[in-house]
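Chain residues, written in single-letter form:
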Amino acid sequence: SDSTFASFIRCLVSRRVRGKAFERLVIDQGHIERTAAKIEGSSKNYEATSRVADGSSKKKSKDGGKDASAEWTIVQKRCLDVIYREGRECSIPFSTIRTLARRLKVPLKETISGIENAEMNILMIRSEDDDSASVSSRSGDSKSDKSSARSSYSEWTPKTDYSVANSIINEDKDGVGKRCAYVGWEDEDDSERMARTRSMNVEELALEEYAAGRLPIQDEEDCDSQSANVKGGWVGWHDEGGHVRALFRILCAPSIFGIDPRDEQSVEQHTIFLAPYQGAPLDLHVGFQGPSSSSGAETGLPRGFFERRRARIDRLLGELDSSTPQDICDRVYDAIFERVRAVRDAGTIGMKDALLLRDLGEIRTLSFIAAGLGGKMLATIFRCLCFDYRHYAGGLPDLLLLRAVFDDDNQEERLVDLGTWVGEAFSAAEVQKGQVVELCRILADRDDEYLGCSKVGETGAVSSQRWRQSVRRQKHDDAAQRGEECFASSDDFPQRLLLSCNDRPIKAECMFVEVKSANDRLDARQEDWLNILDGVGNARVCKFTNQKKSGKKKGEKDSGTVHAGTTK
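A. Representation of the environment of I32. For I32, the location among the structural elements is in helix α2 (residues 15-39). Taking relative accessible area as the criterion, I32 reaches 53% and is therefore assigned exposed. Separated by 43 residues in sequence, I32 and V75 place their C-alpha atoms 9.6 Å apart.

Below you can see the structure in the form of structure tokens.
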């Protein structure tokens, strides 16, 4: 039957692809509607002229606007139908719902008020700013204010740090999506460094801004924190979620995936693991399909990855949520050490596991990242990846920034020397191998951190050239080399990372930053990630604008403006 066929299509096609298909359908419908309006334009203009000559005009409401009984356009009807029908089934991502809701030109909260969307409820996605209620109360209760609020689109907006930086190329091109290059202003007197440093992309410029302390502008709610007065010291990676996906693989594999190197009777091994060389269960990329889905109830289709393992997922995420930073450090260390011991016991030392060697080579760095993220943020991120890995594995913010501060009353020395405390890539020996900018790009665009597949596009096609480049990068991976040295000798195994140094307690801090140049804008999936991360931690946008333009859009929350880059 048609319903059975539609149900199997929903099971086979990912939620993200279905969402993109509906967006394309609405765009095409709009093109058809505009073409038809152009064809009928001459006759409509003649009728309008006749009505004006007769003294008649279109009925208007009392407030001077359009008739209150005016109906939706064909495109808006299509959007509303998709939002209500697919939104209840949760068969398309919430990012698609927001994209379609913008065409209705009413607040998002009003559009989805009658929809029970599982993705929004489970992942705690907000439809409006937390302070919107107070803002509306301060703005007054006049009829004009209420009318304007209902007639315009509004939704949750991220925190934004603005910085002025004019690019050195593409200055005469104002196209959206154009890549820009910049020149930083750190160590301008160092002629040797300037001679060997190439131009910087927008992410590298942002790394420089946050490391120097020019960004971020402190929020009012952060002023009470003990480390609020500490400026700069942020270090990190332009990895687009590479470290986060690595932690997801390390911490969730034994208890959620059914992967246990010491247990030959792993959970659901015979149904989701058909070969011993699989890196992920076969159903990991099956999007959310809960028990309340009508498609599942009518056809008996299998549940998705999230619902099938929901009890184990909730148990693990509950443990992470209640863990202290030191407990999370120990959990990362124990998970990697257990894998190493299992390989040694199996007598397969000669078989090189690139992921295991790299995890071992940066085991203290991964522990530091996990402690900075904290249990609540880790649990929130992992829940998104379990809910729909194929959709949420991408779209994470560009930069993962961390720093460590001494958590005591001594105000003289607050920033912790990461080379002394963590070591590994932060040590002086590793820094001397290359510039800090090069170290920050160590995990950029890592295809092998996507479980079950390489980094793919919307169609699922794998780029063989990109995969070959990823393999070549692994041969020169410093972390893997350190891991191989540690693996060969039990005496050289790294020590646990303790959140203390010189008898002083240490607090690890983390911040996610999505970087945009003047010609770029946020993707709908990126907005969802910022929405989710901001609810449990520090996530923001860094927007670089031209000096001659303000770059601020209506509705964006401004955290301040500084001058950086090539601006004089």
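B. Inspection of the nonpolar core at higher detail. In terms of nonpolar packing, the biggest core is built from 97 residues, with F368, F382, W421 and F512 touching the most fellow members. Here this core gets 16 residues from one element, more than from any other, and that element is helix α19 (residues 363-387). Ranked by size, the runner-up nonpolar core spans 18 residues in total, among them Y182, L399, M511 and V513.

C. The arrangement of the confidence of the model for the chain in detail. Model confidence for the chain is summarised by a mean pLDDT of 75, while 65% of its residues fall at 70 or above. Within the model, the stretch residues 435-445 combines pLDDT values under 50 with 25 contacts to residues more than four positions away or in other chains. Long-range and interchain partners of residues 458-476, a stretch whose pLDDT sits below 50, account for 19 contacts in this model, where long-range means more than four residues apart.

D. Broad picture of the packing of helix α5 (residues 94-101) against helix α26 (residues 524-534). Between α5 and α26, the least distance of the axes is 9 Å, while the angle of their chain directions is 115°. Overall, the two elements α5 and α26 adopt an arrangement that is roughly perpendicular. Read as a crossing pair, α5 and α26 show a hand that is right-handed. Here F94, S95, R98 and T99 of α5 come into contact with α26, specifically with A524, R525, E527 and D528.

E. Here's a closer look at unusual backbone geometry. With an omega dihedral of 0°, the bond running from L215 to P216 counts as a cis peptide bond. With respect to the helices and strands, the residue P216 is situated in the loop between α11 (202-212) and β2 (235-238). Residue D503 is not a glycine yet carries a positive backbone phi of 60°. A residue is classified by how much of its surface remains accessible, and D503, at 81% relative accessible area, is exposed.

F. The pattern of salt bridges, seen in detail. Following the criterion strictly, the structure yields 30 salt bridges and no others. Note that D161 is salt-bridged to R540, the shortest N-O span being 3.1 Å. Placement of the pair is D161 in strand β1 (residues 159-164) and R540 in strand β6 (residues 539-545), with a sequence separation of 379 residues. The same class applies to D161 and to R540, which are both buried. We note a salt bridge from R496 to D330, for which the minimum N-O separation is 3.7 Å. Taken together, the residues span a long stretch of sequence, with R496 in the loop between α25 (478-488) and β4 (500-501) and D330 in helix α17 (residues 325-346) at a distance of 166 residues. Under the relative-accessibility criterion, D330 is labelled partly exposed at 22%. When salt bridges that share partners are traced, they join R98, R102, E155, E527 and D528 into one network.

G. Highlighting the packing of aromatic side chains. What the rule picks out here adds up to 10 aromatic pairs. Their ring planes at 90° and their centres at 5.9 Å tell us that Y333 and F493 sit as a pair that is edge-to-face. Of this pair, Y333 sits in helix α17 while F493 sits in the loop between α25 and β4; the two residues are 160 residues apart in sequence, bridging distant segments of the chain. By relative accessible area, Y333 is classed as buried at 10%. For F493, a relative accessible area of 9% translates into the label buried. Of the aromatic side chains, those joined through ring pairs into one cluster are W237, F368, W421 and F426. Of note, R504 hangs over the ring of F406, and the distance from its end group to the ring centre comes to 3.9 Å.

The rules behind each value
- Residues numbered from 1 in each chain as written.
- Predicted model: local features only at pLDDT ≥ 70, side-chain atom pairs only at ≥ 80, totals over all residues.
- Heavy atoms only, no water.
- Helix = DSSP H or I, 4+ residues; strand = E, 2+ residues; numbered from the N terminus.
- Buried < 20%, exposed > 50% of the residue type's maximum accessible area, 1.4 Å probe, protein only.
- Core = buried A, V, L, I, M, F, W, Y, C linked by side-chain atoms within 4.5 Å.
- pLDDT = per-residue confidence, 0-100.
- Contact = heavy atoms within 4.5 Å.
- Axes fitted to C-alpha atoms, helices over the stretch in contact; angles between N-to-C directions.
- Parallel < 35°, antiparallel > 145°, perpendicular 65-115°, else oblique.
- Left-handed = near helix turned anticlockwise from the far one by under 90°.
- Salt bridge = Lys/Arg side-chain N within 4 Å of Asp/Glu carboxyl O.
- Phe/Tyr/Trp six-rings, centres within 6.5 Å; stacked < 30°, edge-to-face > 60°.
- Lys NZ or Arg CZ within 6 Å of the ring centre and 35° of its normal.

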